[in-house]
Amino acid sequence: MILFLLLSPLPAFAVNPDEVLADPALEARARALSAQLRCMVCQNQSIDDSNAELARDLRVLVRERIVSGDSDEAVIDYVVSRYGEFVLLKPRLRGETLLLWGAPIVLFLGGAIAMMLFVRRRAGKAVGEPLTAEEKAALEKIVAGSQAKGAGGES
Amino acid sequence: MIIEIGHYALVLLLATSIVQSLLPLAGTVRNDPALMAVAPSAAVTGFLLTAFSFAILTFAYVTSDFSVANVWQNSHSMKPMIYKISGVWGNHEGSMMLWLLILTFFSALVATFGGNLPERLRANVLAVQGWITTAFGLFILLTSNPFLRLDPAPGEGQDLNPILQDVGLAIHPPLLYLGYVGFSVCFSFAIAALIDGRIDAAWARWVRPWALMAWSFLTAGIAMGSYWAYYELGWGGWWFWDPVENASFMPWLAGTALLHSALVMEKREALKIWTVLLSILTFSLSLLGTFLVRSGVLTSVHAFATDPTRGVFILTILIIFIGGALSLFALRAPTLKAGGLFAPISREGALVFNNLILTTAAATVLTGTLYPLVLEALTGEKISVGAPFFNLTFGLLMLPLLLAVPFGPLLAWKRGDLLAAGQRLFAAVGIGLFLAAIAQWSQGGGPVLAYFGLAIGFYMLAGAVTDLALRSGVGKVTAGVARRRLFGLPGSAFGTALAHFGVGVTVIGIVAVTAFETEHVVEMKPGASVEAGGYTLTFDGMRQGRGPNFTEESGHFTIARAGVSKGEVWSSKRLYTARRMPTTEAGIRTFGFSQLYVSLGDAMSDGGIVVRVWWKPMILCIWIGSLIMMAGGFVSLCDRRLRIGAPQGARKARPVPALGAAE
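Residues numbered from 1 in each chain as written. Chains lettered and ligands numbered in written order. Predicted model: local features only at pLDDT ≥ 70, side-chain atom pairs only at ≥ 80, totals over all residues. Heavy atoms only, no water.

**Description of the overall build of chain A**
Right, on to step 1. Scanning chain A for helices and strands turns up 6 helices and 0 strands.
Right, on to step 2. Going from N to C terminus, chain A has its helices and strands arranged as α-α-α-α-α-α.
Right, on to step 3. Going through the 155 residues of chain A one by one, you find that 39% of them count as buried.
Right, on to step 4. Summarising the internal contacts of chain A: among those between residues at least 6 apart in sequence, 51% fall at separations of at least 24.
Right, on to step 5. Within the structure as shown, chain A displays about 8,700 Å² of accessible surface, and the carbon and sulfur contribution to it stands at 63%. (Helix = DSSP H or I, 4+ residues; strand = E, 2+ residues; numbered from the N terminus. Buried < 20%, exposed > 50% of the residue type's maximum accessible area, 1.4 Å probe, protein only. Contact = heavy atoms within 4.5 Å. Areas by Shrake-Rupley, 256 points an atom, 1.4 Å probe, with all protein chains shown as cover.)

**Overview of the overall build of chain B**
Right, on to step 1. A count of helical and extended segments in chain B gives 22 helices and 9 strands.
Right, on to step 2. Taken against the 2.2 N^0.38 rule, which gives 26 Å for 663 residues, the C-alpha radius of gyration of chain B at 27 Å falls within 12% of a compact globule.
Right, on to step 3. Taking the principal axes of the C-alpha coordinates as reference, chain B spans close to 80 × 75 × 60 Å.
Right, on to step 4. Scored against the burial criterion, the 663 residues of chain B give a buried share of 59%.
Right, on to step 5. Pairs at least 24 apart in sequence give 73% of the contacts found in chain B among residues at least 6 apart.
Right, on to step 6. Surface accessibility of chain B: about 25,700 Å² in total, with carbon and sulfur atoms responsible for 67%.
Right, on to step 7. Computed over 44 positive and 35 negative side-chain charges, the separation of the two mean positions in chain B equals 14 Å. (Rg over C-alpha atoms; globule rule 2.2 N^0.38 Å. Lys, Arg positive; Asp, Glu negative; His and termini not counted. Charge placed at Lys NZ, Arg CZ, Asp CG, Glu CD.)

**Describing the sheet that holds strand β3 (residues 535–546) of chain B**
Residue and element names in this part refer to chain B.
Right, on to step 1. Here 5 strands make up an open sheet; going across it, the order is β2-β3-β4-β5-β6 and the pairing antiparallel. Two strands bound the open sheet, and with one partner strand each, they are β2 (529–532) and β6 (581–585). Between one strand axis and the next, the sheet turns by 25° as a mean value, whatever way the strands run. (Pairing = 2+ DSSP bridges. Axes fitted to C-alpha atoms, helices over the stretch in contact; angles between N-to-C directions.)

**Remarks on helix α1 (residues 2–30) of chain B**
Along an α-helix, a turn takes 3.6 residues, which lines up residues three or four apart on a common side.
Right, on to step 1. Taking 1.5 Å of rise per residue, 29 residues should cover 42 Å, and α1(B) covers 42 Å from first to last C-alpha, within 8% of that figure.
Right, on to step 2. Downstream of α1(B) by one or two residues, B:Asn31 has phi in the positive range, about 60°. (Expected span 1.5 Å × (residues − 1).)

**Here we look at the sheet that holds strand β1 (residues 518–524) of chain B**
Residue and element names in this part refer to chain B.
Right, on to step 1. Pairing is antiparallel across the open sheet formed by 4 strands, whose spatial order is β1-β9-β8-β7. In this open sheet, the two strands that pair with only one neighbour each are β1 and β7 (587–591). Neighbour-to-neighbour, the strand axes of the sheet open up by a mean angle of 15°, direction not taken into account.
Right, on to step 2. Bridge count for β1 against strand β9 (residues 609–616) is 7 bridges, and the pairing is antiparallel. Across the sheet, Glu 519 pairs through a bridge with Trp 614, a residue of β9.

**Re a nonpolar patch on the surface**
Residues and elements named next belong to chain B.
Right, on to step 1. A grouping of Met 1, Ile 2, Ile 5, Phe 52 and Phe 59 is seen on the molecular surface, where their side chains present a nonpolar patch of about 490 Å² in accessible area.
Right, on to step 2. Only α1 and α3 (38–62) provide two or more residues apiece to the nonpolar patch.
Right, on to step 3. Within the secondary structure, Ile 5 sits in helix α1. (Patch = residues over 30% accessible without salt bridge, like charges linked within 9 Å, V, L, I, M, F, W, Y side chains within 5 Å. Salt bridge = Lys/Arg side-chain N within 4 Å of Asp/Glu carboxyl O.)

**What to know about the pairing of strand β8 (residues 594–603) of chain B**
The two faces of a sheet get side chains in turn, since along a regular strand they alternate between them.
Residue and element names in this part refer to chain B.
Right, on to step 1. In terms of burial, β8 is a largely internal element, 8 of the 10 residues being buried.
Right, on to step 2. Summarising the sheet, β7 and β8 pair through 5 bridges and their orientation is antiparallel. When the bridges of β8 are listed, Ile 588 appears paired with Tyr 597.
Right, on to step 3. Connecting β7 to the antiparallel partner β8 that follows it, the hairpin turn spans 2 residues, and Gly 592 within it adopts a positive phi of roughly 60°.
Right, on to step 4. Of the strand pairs in this sheet, β8 and β9 are connected by 7 bridges, and their pairing is antiparallel. The residue bridging Ala 603 from the neighbouring strand is Ile 609, located in β9.
Right, on to step 5. The hairpin formed by β8 and β9 contains 5 residues between the paired strands, and Gly 607 there has a positive phi angle of roughly 95°.

**Thoughts on the nonpolar core**
Residues and elements named next belong to chain B.
Right, on to step 1. Within the largest apolar cluster, 147 residues are counted, with the highest numbers of intra-cluster contacts made by Trp 99, Phe 136, Phe 189 and Trp 203.
Right, on to step 2. With 21 residues, helix α9 (residues 201–233) is the largest single contributor of residues to this core.
Right, on to step 3. Sequence-distant contacts of Trp 99, that is, excluding residues within four places in its chain, are made with Ile 132, Phe 136, Tyr 177, Tyr 180, Val 181, Phe 283, Leu 287 and Thr 290.
Right, on to step 4. Counting 25 residues, the second largest nonpolar core, distinct from the first, contains Ala 450, Tyr 451, Phe 458 and Leu 461. (Core = buried A, V, L, I, M, F, W, Y, C linked by side-chain atoms within 4.5 Å.)

**Side note on the confidence of the model for chain B**
Residues and elements named next belong to chain B.
Right, on to step 1. With 94% of its residues at a pLDDT of at least 70, chain B reaches an overall mean of 87.
Right, on to step 2. For chain B, the element scoring lowest by mean pLDDT is helix α22 (residues 658–662), at 37; α3 scores highest, at 96.
Right, on to step 3. Ignoring residues within four places in sequence, the model shows residues 300–305, a span with pLDDT below 50, making 22 contacts including any to other chains.
Right, on to step 4. Of the regions scoring below 50 in pLDDT, residues 646–663 engages in 16 contacts with residues more than four places distant in sequence or in other chains.
Right, on to step 5. Taken together, the chains of this predicted complex give a pTM of 0.89 and an interface ipTM of 0.80. (pLDDT = per-residue confidence, 0-100.)

**Re helix α4 (residues 72–83) of chain A**
All names here are of chain A.
Right, on to step 1. Over its 12 residues, α4 extends 16 Å from the first C-alpha to the last, a length consistent with the 16 Å expected when each residue adds 1.5 Å.
Right, on to step 2. Of all the residues in α4, the buried ones are Val 75, Ile 76, Val 79 and Val 80. All buried residues of α4 lie within an arc of 130° about the axis, which places them on one face of the element. Projecting away from the buried face of α4 at angles above 90 degrees are the exposed residues Glu 73 and Ser 81.
Right, on to step 3. In this structure, the buried residues of α4 make contact with α2 (24–34) and α3 (53–67).
Right, on to step 4. Phi for Gly 84, located one or two positions after α4, is positive at around 85°. (Arc of directions from axis to C-beta.)

**Quick look at the packing of aromatic side chains**
Residues and elements named next belong to chain B.
Right, on to step 1. Inspection of every chain in the model, using the stated rule, returns 34 aromatic pairs over all chains.
Right, on to step 2. Measuring from centroid to centroid gives 5.8 Å for Phe 249 and Trp 252, while their planes differ by 10°, and the two rings are stacked. In this pair, Phe 249 and Trp 252 are both assigned in helix α10 (residues 243–268), 3 residues apart and thus about one turn of the helix distant. Take Phe 249 and Trp 252: they sit in the same class, and that class is buried.
Right, on to step 3. The interplanar angle of 80° and the centroid separation of 5.4 Å between the aromatic rings of Phe 389 and Phe 390 together place this pair among those described as edge-to-face. (Phe/Tyr/Trp six-rings, centres within 6.5 Å; stacked < 30°, edge-to-face > 60°.)

**Let's talk about the side chain of B:Ser216**
All names here are of chain B.
Right, on to step 1. Mapped onto the elements of the fold, Ser 216 is located in helix α9.
Right, on to step 2. Residue classification places Ser 216 among the buried residues on the basis of a relative accessible area of 0%.
Right, on to step 3. Residues in contact with Ser 216, not counting those within four places in the same chain, are Met 630, Gly 633 and Phe 634.

Here you go:
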């Protein structure tokens, strides 16, 4: 966290009033898209949070594409075609990122199955040897004795 | 001269830690009590030496002795005293000294309060602590020595990074390290048990207080760091899924899992092998975090330790300890006998579910943090994994866990009744939905998902209260008896309820601020106003100011609601003179649990200034909830059964139930 504080940019703003689109619906889309795009020269910051020049250029670019009528996917595709996959903070599912997206699912399901098997196998096992006739008799005697004693104690 | 004495004490510490690593172990192998008895005295001596060395480094900072390179690089004679002291650990060398200080402190605690531990176990545990101390002592002396001198001594220091000149630096790292390093004790216990090949419920009873303590400190440390970032960075975020944050969050997730599995092991002797593995994994993640942060391996351009020799050194420590521990585990785990049986639907089953989700979550965060690094190393392709990825995957994983939390304590050990637990939680579910509906009505609309999230939060609060109510027999016995039973409940019952309540509070804060936060970016001239969260914020003008080592420009704002004045707030931009570095000091005004957050931007040529105003509803709940969780940990730690320690031999050491004694 200390490092993170050190890594953060000089304080100033990310989105400035002059960039904001007049149409609130389009602006909301631009903000949502900006949060998904990485500021290429920053450390783990979206262009929405960053005040770097490059982030500003990218924000303006995103807004230009939105105003010109691009869908969200088209804007993302356009930015990726210019800056590469590195610009996406949420990588798209493809060969290289299969393990990344698959890890949580595989780990969760694998873990769940392993645990179910473990519990089943152990629950199904009989505990120890069955009692012999002598042991049963001895046990009954003890139980009967303790019950009598318990009753005596209470009265 | 005094600096050299501190340096010498550090070298002596290395010598004692080597003794502590070897002799007790030889003692357990040869069954020689005299050798085993070396461990506690070596541990206490090691702590005293480290504390002395640390005190001398602090003395160098306090007296601004710039002949010490480390002080020259990170301090300034004009710096306020509190930052001179906290500045000791505001840099790489000093923070490693703090790491070592806390590590030896915990060893000394085990040595001092471990009187009821079996001799062999204590000797082995302290020996393992000795290995860790040796590794990090060597690391400091060889690659990160804070006692190196400069000749000639410069007249003035280079000052501490201004962002670190904050009370947060005095609190956050020590708490975080108490947590991080605290898990080393659990690790040492696990290794000691594997060395001896013996492990039982008593072992879990010794480990659990350490896990609880480390976890409580880590919880507070992470929460404190989050709040610090929130108010210091000036853009209102409170969690960024930054690799450095993830480095502290992964041990927390694994540690939370450990806390719960140790419970199963202590009560039911089940999950032994798993608990040992988790103890190893949790501290391994702490070590990994230290490596990630200290080596600068994660494309950090500003990391304060980008020296590759340090990275390689820590990586070696990492490989030896994690690799060694896991090999030992693989070798010895099959010989550990598995314990108690349980049905899938039972308290044990619920805790297994908890462990499954928490470890998957920790693994997900680990994958996301390391994936870009590994992919680039293997294929040369650069990708980014950021907040949107973590929010999605982590959020989905947490959902079932949050829903399950109130069920856990209501299920019986061995075989539980899910339906009955569900019936008992009927009221909690109702309360959750009802309160969410009220919130919906008062907000007048908004995303459905947000109210669903709020309902989960309220349901968790009600669930925690339900647990305590059922335990004290509310509704079944008279109010007086229920009250007496409530106060007679063991500390761990209160701790559980408190911690789960805290999770609910945090969830409410996160959902509320994510869904209902409003943000305004406006250019303001004196006299202009802006609306946020029902408050009107009026900009009055700027003022120049001067602090001990900075100059500042502050904007003054008055706050009103429906024409009635509700106070004022200052928001500033500072320029620290020594480093010519600007910072923002956001203006924050608290109303109940919500905050108005005002941050200043660039001045415009026409005399206006860009102002960013956020309304952050219920945001304080995020950190208050974490503090409640921490409190839950400490309350649980006060449980008499943990203080007394494991039963010795027969069950005679079990305390008489408080209720029976009172009657």
